[in-house]
Amino acid sequence: MSVAKRVGANLRRVREAQGISQEDLADRAGLHRTYVSGVERGVRNPTVKVLDKTAKALKVKPSVFLE
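Remember, it's a predicted structure, so these values are computed and weren't measured experimentally.

Enquirer: How should unusual backbone geometry be read in this particular structure?
Expert: At K59, a residue that is not glycine, the phi angle is positive and equals roughly 60°. Within the secondary structure layout, K59 lies in the segment after α4 (48-58). For K59, a relative accessible area of 77% puts it in the exposed group.

Dropping the structure here:
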């Protein structure tokens, strides 16, 4: 599995476990919903800054996306 797909799968897993929609996550992280969707599908390669924003919005460490 590619790193982008692993990050996306972990992001989706954490988001869904918290019962948060893509739109809510995007709002909390200051991102566009379609960008979040692209990251989750593994077609977008998020920057470290985006991973940090997303992790803060989900109240997890950024490293959880790379597990």
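Enquirer: I keep staring at the side chain of T54 and nothing clicks. Help me out?
Expert: For T54, the position within the fold is in helix α4. The class of T54 is buried, set by a relative accessible area of 6%. Those residues in contact with T54, other than ones at most four positions away along the chain, are L11, L25, A29, L31 and F65.

Enquirer: I'm lost on the environment of V48 in this one. Help?
Expert: Here V48 is to be found in helix α4. Considering only alpha carbons, one finds V48 and F65, 17 residues apart in sequence, at a separation of 11 Å.

Enquirer: For this particular structure, what's the right way to read the pattern of salt bridges?
Expert: Oppositely charged side chains are able to pair whenever their charged atoms sit close together. Within the structure shown, the criterion is met by four salt bridges. Between E40 and R12 there is a salt bridge, with the nearest N and O atoms lying 3.1 Å from each other. Linking E40 in helix α3 (residues 33-41) with R12 in helix α1 (residues 3-17), this pair joins segments that are 28 residues apart in sequence. Residue classification places E40 among the buried residues on the basis of a relative accessible area of 4%. Its relative accessible area of 31% is what places R12 among the partly exposed residues. A cluster of three or more residues bridged by salt bridges with shared partners is formed by R12, R15, E16 and E40.

Enquirer: When you look at empty space enclosed by the protein in this model, what are you seeing that I'm missing?
Expert: Unfilled space is identified by rolling a water-sized probe across the atoms. Applying the stated criterion across every chain yields a total of one cavity of 30 Å³ or more. The volume enclosed by the largest cavity comes to roughly 60 Å³. Among the secondary structure elements, those contributing two or more residues to the lining of the largest cavity are α3 and α4.

Reading guide: rules and limits
Once a new chain begins, its residue numbering starts again from 1 and follows that chain's sequence as written. Given that this is a predicted model, residues contribute local features only at a pLDDT of at least 70 and side-chain atom pairs are listed and counted only at 80 or more, while totals for whole chains, interfaces and linings are drawn from all residues. With hydrogens and water stripped out, all remaining heavy atoms of the structure feed into the side-chain values. Think of it this way: any DSSP run of H or I at least four residues long counts as a helix, any run of E at least two long counts as a strand, and we number them from the N terminus. Burial classes: relative accessible area under 20% of the type maximum marks a residue as buried, over 50% as exposed, and values in between as partly exposed (1.4 Å probe, protein chains only). Two residues qualify as a contact provided that any one of their heavy atoms is within 4.5 Å of a heavy atom in the partner residue. By salt bridge we mean one thing: a side-chain nitrogen of Lys or Arg within 4 Å of a carboxyl oxygen of Asp or Glu. Put simply, the grid is 1 Å and covers the protein atoms alone, a cavity is a trapped set of points that fit a 1.4 Å probe, a pocket is an open set with protein on both sides within 12 Å along at least five of seven lines, and lining residues have an atom within 4 Å of a point. Grid points are joined across faces, edges and corners, and a volume is the space filled by probe spheres set on the points.

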